[in-house]
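# Architecture and fold: a report
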Amino acid sequence: MNRFLILLLLPITLFAQKYSREEISRWEKQAKDITIIRDNWGIPHTYGKTDADAVFGLLYAQCEDDFKRVEMNYIEKLGRMAEVKGESSLYDDLYIRLIIDSAEAVADYDKSPGWLKKLMNAYADGINYYLYKNPLVKPALLTQFKPWYPLLWTDGSIGAINTADVTEEDVKMFYGNNDRSASFVVPKEEEEKVDGSNGFAIAPSHTASGNAILYINPHTTFYFRPEIQMNSDEGLHVYGAVTWGQFFVYQGFNEHCGFMHTSSNVDVADLYELKISKQGEKYFYTYNDSLRPLEEKKMIFRYKEGDNTVSKTITTYFTHQGPVMAKRNDKWISVRSYNRSLNGLMQCWMRNKANGLDDYKKIMDLRGNTSNNTVFADSKGNIAYWHGNYIPKRDTTFNWALPQDGSIAKTEWQGLHTIDETVHIYNPPNGWIQNCNSTPFTAAGVNSPKKENYPNYMAPDGENFRGINAVRVLQNEKAFTLEKIIAAGYDTKLSAFEILVPALVKAFEKNSKPTDSLYEQIKEPIAELKKWDYHSSVTSVATTLAIEWAQKLSASLRRVYIDEGWDDQVAINTIFAETATAQELLPPLAEVVKELKNKFGDWRIGWGEINRYQRISGDATQPYNDNVPSTAVPFASSTWGMLPAYNSSYYPGTKKRYGVSGNSFICAVEFGKKVKARSLLAGGESGNPSSKHFNDQLEMYTKGQFKDVLFYKEDVMKHVEKIYHPGE
């Protein structure tokens, strides 16, 4: 008993992770040079003498807010998820390790420039110091973070990995069958992909103040990025959203300029069909009329099985183009891609300190951004747009959306396009730029680049309904303010239904008679839809009917991202509306009416009654419960043209829909002698349900009510909640 009491009285740090006295001493010394100020929203503003100090403080603060998300992001990028979740994640890990090589990341760390190595060391030190000071925090797997980890994940995008259309299921089908006989067939209709973003840049000619304005509106899964600020005596003064576990602001601004990223379908990964032969136990592939041996790599995986950890070795195959990841039409498929790079990480950091358009162009010349477009504005009044960044040159006689012949040299990449060769816009005469994961050829109205001037693989993206909405809300305003740009970004028109609903009404009026069985069932719902103005609201019954109905139609109507030769979303919906039969259009509405009556006793259900926001757990996978309080949301999926995206779904046991993704960090910034900005974050800053900052922005989020950004230290000091050094 006495021994137990003695143990309780010992300092809790004795039970912390084992770190060397030298490490601890170094951390404690550096922490004294770092100050974290939490404002009244719980947002951390880190201040340090050096950039590395600011990074140390940032990662420490991130761990305080949601260590679980920080850790899980790197467990995934290390390809070790099965060690936590079990054998079901084994081939997800294989997929990652085929395209992200830890050994290459270590090699890049070793050859990194000194300034970057300092930042990566500070990244690891900030997390490890947090674990040392908080021994009651039990990592799921990673008890010590390594400074090379950031080189596993060199892009902060939610869509940072690109393997063309090869999926984890392809990898499982290929490597999970010893005889390689299984061939995965890509489904003809894809499920709705609802991630994306909106970015607007407004030139001084179209603002009331004569300053440029940037609207930052990424659409991600909720809680994917917190809101932060970093400052140092080395010129760092950046504010915005950071992806959990990364040390750079991904969407944000400094006093000179701001940057917003939107996902695109620029071709940065290609598939190659291989001609395989086997000699003895060795596999070979044909290239330029000669045989080359496939490189074999034996990868060891561990996975959780009950209370034990089990190992499995998988032999993987590589060509000079990349890993073999699938089998299609009886042919092995190798993938050429670029999913991590030293240049990419350097570029992500350097943009945080860019001082204007000319400087930003030089940073773009690194060509390390493989996943995104960039919408830009600066304090000198410039606005700009780049569609993609890292774009390989290719033979334009091929359709690069399709697998290529991997046995000939003509299908090889031929270096990279220069920035000037890529699709870009600088200071267009119309005074605004928009991108909503849509074609760049309408990004600046009539002043947009021309499609015929670029190879198809450079911008296969088509038009979508958000792009149409964005042009509509931007083209007529000549005096934007922060309030007006936020109002434009929160326009609730669902423009897809301007095409779909009239087709439904016409089919009813032309084909239904009072004697038909469907007539009485849908007569009143049709009347409700016919008088609708196509705007969503919490009280709108038509919004409920339209969305529930449209989701029962062909999945192709919801496809935003397209490849070369495909019809875009607007064209697909237009063709469908013109050609769909009454049988295709009317019975799905009758199903919706029946389902609503069964659930709620009436089909007259306002959108906000079933479209809800609920945050009741800090887990990465949120639970949802109709019996627990939730909040009505007027917004809807970006699929239908909604600018303030809110993607909700039904879950087991729920009658209502709950949001999982869409608007996440939203910010409107005006540049000038002093920066002015307003922002909003889904839910709140903290991932801890017991924190007052877990849900303190939830009600505001559902109404689009923004808070003032505290960019300057004098403003931060007026709204202080806590000031401390890491470890205190």
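Residues numbered from 1 in each chain as written. Predicted model: local features only at pLDDT ≥ 70, side-chain atom pairs only at ≥ 80, totals over all residues. Heavy atoms only, no water.

## Examining the pattern of salt bridges
Side chains carrying opposite charge are able to pair once their charged atoms draw close together. Across all of its chains, the model carries 36 salt bridges by this definition. One salt bridge connects Asp108 with Arg340, and the closest N-O pair in it is separated by 2.3 Å. You can see Asp108 sitting in helix H6 (residues 102–110) and its partner Arg340 sitting in the loop between strand E16 (331–336) and helix H9 (342–350), a full 232 residues away along the chain. Per residue, the accessibility class of Asp108 equals that of Arg340, and both read buried. Between Asp708 and Arg678 there is a salt bridge, with its nearest N and O atoms 3.0 Å apart. One end of the pair, Asp708, is in strand E28 (residues 707–708); the other, Arg678, is in strand E27 (residues 676–681), and 30 residues separate them in sequence. The class for Arg678 is partly exposed, based on a relative accessible area of 21%. Residues participating in the shared-partner salt-bridge network are Glu104, Asp108, Lys111 and Arg340. (Salt bridge = Lys/Arg side-chain N within 4 Å of Asp/Glu carboxyl O. Helix = DSSP H or I, 4+ residues; strand = E, 2+ residues; numbered from the N terminus. Buried < 20%, exposed > 50% of the residue type's maximum accessible area, 1.4 Å probe, protein only.)

## A word on the sheet that holds strand E15 (residues 322–328)
The strand order E13-E14-E15-E16-E9-E19 describes an open sheet built from six strands, whose pairing is mixed. Since the sheet does not close on itself, it has two edges, and those belong to strand E13 (295–305) and strand E19 (404–405), each with one partner. In the packing of helix H5 (residues 90–99) onto the sheet, contacts are made with E13, strand E14 (308–319) and E15, and the angle to E13 comes to roughly 145 degrees. Helix-sheet contacts for helix H8 (residues 168–175) involve E14, E15 and E16, and the interaxial angle to E15 is about 85 degrees. (Pairing = 2+ DSSP bridges. Contact = heavy atoms within 4.5 Å. Axes fitted to C-alpha atoms, helices over the stretch in contact; angles between N-to-C directions.)

## Concerning the packing of helix H14 (residues 519–530) against helix H17 (residues 582–600)
Here H14 crosses H17 at 100 degrees, and the two axes come no closer than 10 Å. Compared by their axis directions, H14 and H17 come out roughly perpendicular. Between H14 and H17, the residues in contact are Gln521, Ile522, Pro525, Ile526 and Leu529 and Leu586, Leu589, Ala590 and Val593, respectively. (Parallel < 35°, antiparallel > 145°, perpendicular 65-115°, else oblique.)

## Thoughts on helix H12 (residues 482–489)
All of the buried residues in H12 are Leu482, Ile485, Ile486, Ala488 and Gly489. The buried side chains of H12 occupy one side of the element, clustering within an arc of 160 degrees when seen end-on. Its buried side turned inward, H12 meets strand E3 (196–202), strand E4 (213–221), helix H11 (465–474), strand E26 (665–670) and E27. (Arc of directions from axis to C-beta.)

## A few points about the confidence of the model for the chain
Averaged over all residues, the pLDDT of the chain is 94; the fraction at 70 or higher stands at 95%. The low-confidence segment residues 1–16 (pLDDT under 50) makes eight contacts with residues lying over four places distant or belonging to another chain. The model gives residues 185–192 a pLDDT under 50, and that stretch makes 13 contacts with residues more than four places away or in other chains. (pLDDT = per-residue confidence, 0-100.)

## Let's talk about the environment of Met350
Relative to the helices and strands, Met350 is located in helix H9. In the structure, Met350 is positioned 234 residues away from Leu116 in sequence and 9.9 Å away in space, judged by C-alpha atoms. Ignoring anything within four residues of it in the chain, the contact list for Met350 reads Trp115, Ile363 and Leu366.

## Focus: the packing of helix H13 (residues 497–511) against helix H15 (residues 541–550)
Contact geometry for H13 and H15: axes closest at 12 Å, N-to-C directions at 90 degrees. The pairing of H13 with H15 is recorded here as roughly perpendicular in orientation. Contact residues: Phe497, Leu500 and Leu504 in H13; Ala546, Ile547, Trp549 and Ala550 in H15. Class assignment for the residues of the contact of H13 with H15 results in seven nonpolar, no polar and no charged. (Nonpolar A, V, L, I, M, F, W, Y, C, P; charged D, E, K, R; others polar.)

## Details of the sheet that holds strand E10 (residues 276–279)
Sheet strands line up and pair through hydrogen bonds in the backbone, either parallel or antiparallel. Here we have three strands laid out as an open sheet, ordered E10-E11-E12, and antiparallel in their pairing. The open sheet has two edge strands with one neighbour each: E10 and strand E12 (290–293). Direction aside, neighbouring strands of the sheet carry axes that sit 40 degrees apart on average. Relative to E12, strand E11 (residues 282–287) runs antiparallel, the two sharing four bridges. Across the sheet, the residue bridging to Thr286 is Leu291, located in E12.

## Some remarks on the pairing of E14
Where E13 and E14 come together, eleven bridges link them in antiparallel fashion. In the sheet register, Lys304 faces E14, and the bridge partner there is Thr309. Turn length for the E13-E14 hairpin, with the two strands adjacent in sequence and antiparallel, is two residues, and the turn residue Gly306 shows positive phi of about 65 degrees. Across two bridges, E14 lies against E15 in antiparallel orientation. Bridging from a neighbouring strand, Phe318 pairs with Pro323 of E15. What sits between the antiparallel neighbours E14 and E15 is a turn of two residues.

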